[in-house]
Amino acid sequence: MPRRHLRPKATSTAEKPSLREVVRNICTRNFNIVTAVNLLVMTVYYLVFVIGTGYVQATYGASLSTAGFTSGIMVIGCLAGRFVSGNLMSVTGSRLLLLGGLSLYALSLALFFLVGSLPLLFADRLLTGLAVGITGTATIAAYVIPAQNKAFGISLFSLSTILALALGPFLGIVLMQHIEHATIMLVMLIVAAGALAVGLLLKNPPRVAHRLHPLFELNSYIDPRVVRFAVVPLIVFLGYGCIQAFMAMYAAERGLQAAASVFFLIYAVAALVSRPITGSTMDSNGENIVIYPLFVLTGIGLLLLANADSSAMLLLAGVFVGLGYGNFQSIGQAVSLSMVTPSRFAQATSTFFIFMDFGIGLGPYIFGFLVPHTGFEGMFYALTITLAAAMVLYHFLHGRRVRYV
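Residues numbered from 1 in each chain as written. Predicted model: local features only at pLDDT ≥ 70, side-chain atom pairs only at ≥ 80, totals over all residues. Heavy atoms only, no water.

A. Here's a closer look at empty space enclosed by the protein. On inspection of all chains with the given rule, the structure shows five cavities of 30 Å³ or more. One number sums up the size of the largest cavity: a volume of about 470 Å³. Lining the largest cavity are 29 residues, and of these Met42, Tyr46, Arg82, Gln329 and Met356 lie nearest its centre. Considered class by class, the residues forming the lining of the largest cavity number 17 nonpolar, nine polar and three charged. (1 Å grid on protein atoms, 1.4 Å probe; cavity = no way out; pocket = protein on both sides within 12 Å on 5 of 7 lines; lining within 4 Å. Points joined across faces, edges and corners; volume = space filled by probe spheres on them. Nonpolar A, V, L, I, M, F, W, Y, C, P; charged D, E, K, R; others polar.)

Okay, structure coming up:
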C-alpha cells in the first residue's frame, strides 16, 4: 500500500502565531550561526567557479573543456562529500562534522599555494568540493528549526545560498579586474578561516537520536524513502545545469552579454523575495500547492530563454527561472525531510542533494549535444518538454500520494 502523507487540518479556534513570532522562533543563535557559515562557504565556492577557468587556461595552457573540468571536478567532490557525510554525522554528531568540513575547506584553499601542476590542481579542487559537500550536509539548520515551521525555516536558511550565488560571481568578476589570482585565493582562504571561526561559536546543538550505520551499506548514506521523490529534482535541475554552463556562450551568440552579467543577480533577487512565501505556504497548505506552480514558472522561464532577443526578455527569464529553480531546492529539501524521522535527516538531506547535483552536472553533457543541431533555442525547448515530463512524474511518484484529513 502506498505511503500517505497525512496532514491534520488546522482547527478554526487555533490561534496562529504572528510572522514575527515565527521568525523569532526560527532565528535562534545556532540557526544564525549555521546560516552565516553557509553564506561564507558558498560565496567562496561560487567565486571559484568564476575565476577558475580563465586561470587554468592562462597558467597551464589548457583547452576550454579541460579548464572547465576544474569546476566539474568540484561538483564531483561535492557529491562525494554529501554521499559520505550523512553516515559520518550519525557517528560524529553535527557540530564535529561541521567543524571538520570547515577545516578541510580552509586546508584545500591553503594547499592551492603548493600546487604546481594541473593534476595536482584537479586533486585540490576535488578536495574543495568534498569539503563543501560535507559542510553543506553538516549545517544543522534542519535540527534547530521548529517542526511546525520546517519549510519556512529551510527557506530562510537557504536564502544564504541564493545570496552567495549572486555575491560570489559578482566578487569574482570585480576582483579579477583589480588583483592577481593568488591574491584572490588568499582572500578566499581568509573568508574560509572566518567561516571556521564562526562555526566554533556553535554551542549545544539539539541532540538527535542516531545509531551507527554500516559503512558499506547504501542505506547508511541514502534514504530509500526519499529516492523516489529525488528522481524528480534530478530531472528538473538538468535545465539549471544547462543555464549555468551555457549562459555566457548563449548570450554572446545573441549579443546580450551585458544582460547576462546580471542574469544570476536577477535570479537571486527573485528567489530571495519568494522563498519565505513559498516556505510558509507549504507549511500551511502542503507541498502540492507550491510545487505545481513552480513547474509552470520554470517552464515559462525556459521558453523565454528560447526566444530571448532583447535584454529585457533575458532578464525577465531570470525572474521566472529564479522563482522556479530558486524555490525547487528549498521546497524539495523540506519535502525530503518530511518523509523521514529526525534520526534520518542527514541521509534524507544527502539523498536530495546528491540527486539534485547530479542533475546539474549531467544536464550540459546530455543537452549540449543538441546545440550543434538545434541551436540554444532548440535546447531550451527540449528542456521545457523534459520539465513537463518531470511534472507528470512528480504527480505519480509523490503528488497524488499527499492526502489531507
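B. Seen up close, helix 12 (residues 288-307). Here helix 12 is 20 residues long and its end C-alpha atoms lie 29 Å apart, about the 28 Å a rise of 1.5 Å per residue gives. For helix 12, the set of buried residues is Asn288, Val290, Ile291, Leu294, Phe295, Thr298, Gly299, Gly301, Leu302, Leu304, Leu305 and Ala306. (Helix = DSSP H or I, 4+ residues; strand = E, 2+ residues; numbered from the N terminus. Expected span 1.5 Å × (residues − 1). Buried < 20%, exposed > 50% of the residue type's maximum accessible area, 1.4 Å probe, protein only.)

C. Spatial organisation of the packing of helix 12 against helix 15 (residues 371-397). Between helix 12 and helix 15, the shortest axis-to-axis distance is 8 Å and the interhelical angle comes to 170°. Relative to helix 15, the element helix 12 lies roughly antiparallel. Contacts between helix 12 and helix 15 involve Asn288, Ile291, Tyr292, Phe295, Thr298, Gly299, Leu302, Leu303, Leu305, Ala306 and Asn307 on the former and, on the latter, Glu377, Phe380, Tyr381, Leu383, Thr384, Leu387, Ala390, Met391, Tyr394 and His395. Among the residues forming the contact of helix 12 with helix 15, the class breakdown is 14 nonpolar, six polar and one charged. (Axes fitted to C-alpha atoms, helices over the stretch in contact; angles between N-to-C directions. Parallel < 35°, antiparallel > 145°, perpendicular 65-115°, else oblique. Contact = heavy atoms within 4.5 Å.)

D. Local environment of the packing of aromatic side chains. Within this structure, the stated rule accounts for 13 aromatic pairs. With centroids separated by 5.5 Å and ring planes inclined at 75°, the aromatic side chains of phenylalanine 112 and phenylalanine 113 adopt a geometry described as edge-to-face. Phenylalanine 112 sits in the buried class, given a relative accessible area of 7%. The exposure class of phenylalanine 113 is partly exposed, given its relative accessible area of 40%. Geometrically, the ring pair formed by tyrosine 240 and tyrosine 325 is tilted, given 5.8 Å between the ring centres and 55° between the ring planes. (Phe/Tyr/Trp six-rings, centres within 6.5 Å; stacked < 30°, edge-to-face > 60°.)

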